[in-house]
Amino acid sequence: QVQLVESGGGLVQAGGSLRLSCAASGSIFSINAMGWYRQAPGKQRELVAAITSSGSTNYVDFVKGRFTISRDNAKNTVYLRMNSLKPEDTAVYYCNADVLRSNLVRVIYWGQGTQVTVSS
């Protein structure tokens, strides 16, 4: 089995910063892309940022220049540094990973989610 465990969410004032972490563990052969999504109340889950195993990144427009995704392949961990946070960034943030398991079966895994609340 593979697990993704997120940490780093919390309550912050507008303009503040947070850093989310997501560590993958278990029967992992390799991990391709990793990403962060978010879901606000009453809204669909949406992509925030993604990063490939080689470090290529992709951001949605509403976080460009404010959020930075990175990863440590040795630790199977992906990070999301969030600066200049806005109240509209309030959501549950989920990480996901495109995992090639030890049995060479490819599976997409999701973390349990971490709450980010930005007060005005």
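Structure first, text after, so check above.
Residues numbered from 1 in each chain as written. Predicted model: local features only at pLDDT ≥ 70, side-chain atom pairs only at ≥ 80, totals over all residues. Heavy atoms only, no water.

**As for the overall build of the chain**
Step number 1: When its secondary structure is counted, the chain shows zero helices and eleven strands.
Step number 2: For the chain, the succession of helices and strands along the chain, N to C, is β-β-β-β-β-β-β-β-β-β-β.
Step number 3: Taking the principal axes of its C-alpha atoms as reference, the chain extends roughly 50 × 25 × 20 Å.
Step number 4: Here the chain holds 120 residues, and the buried ones make up 40% of them.
Step number 5: Pairs at least 24 apart in sequence give 55% of the contacts found in the chain among residues at least 6 apart.
Step number 6: About 6300 Å² of surface is accessible on the chain, with carbon and sulfur atoms providing 48% of the total.
Step number 7: If the 12 positive side-chain charges of the chain are averaged to one point and the 7 negative ones to another, these points end up 3 Å apart. (Helix = DSSP H or I, 4+ residues; strand = E, 2+ residues; numbered from the N terminus. Buried < 20%, exposed > 50% of the residue type's maximum accessible area, 1.4 Å probe, protein only. Contact = heavy atoms within 4.5 Å. Areas by Shrake-Rupley, 256 points an atom, 1.4 Å probe, with all protein chains shown as cover. Lys, Arg positive; Asp, Glu negative; His and termini not counted. Charge placed at Lys NZ, Arg CZ, Asp CG, Glu CD.)

**Quick look at the nonpolar core**
Step number 1: Counting residues in hydrophobic clusters, the biggest one holds 32 residues, and the most contacted among them are Trp36, Leu80, Met82 and Tyr93.
Step number 2: Elements with a minimum of two residues in this core: strand E1 (2-7), strand E3 (18-26), strand E4 (28-39), strand E5 (46-51), strand E7 (67-72), strand E8 (77-82), strand E9 (91-101) and strand E11 (114-119).
Step number 3: Here Leu80 is in contact with Leu18, Arg19, Leu20, Trp36, Val48, Ala49, Phe67, Thr68, Ile69 and Tyr93, once residues within four sequence places are set aside. (Core = buried A, V, L, I, M, F, W, Y, C linked by side-chain atoms within 4.5 Å.)

**Some thoughts on the packing of aromatic side chains**
Step number 1: One pass over the structure, following the stated rule, counts one aromatic pair.
Step number 2: We note Arg45 situated over the ring of Tyr94; from NZ or CZ to the ring centre the distance is 3.7 Å.
Step number 3: Against the face of Trp110 rests Arg45, its NZ or CZ located 4.7 Å from the ring centre. (Phe/Tyr/Trp six-rings, centres within 6.5 Å; stacked < 30°, edge-to-face > 60°. Lys NZ or Arg CZ within 6 Å of the ring centre and 35° of its normal.)

**Topic: the sheet that holds E1**
Step number 1: Taken together, the four strands give an open sheet; going across it, the order is E1-E3-E8-E7, and neighbouring strands pair in antiparallel fashion. One side of each edge strand has no neighbouring strand; the edge strands of this open sheet are E1 and E7. Pairs of neighbouring strands in the sheet enclose a mean axial angle of 15°, with direction left out of account. (Pairing = 2+ DSSP bridges. Axes fitted to C-alpha atoms, helices over the stretch in contact; angles between N-to-C directions.)

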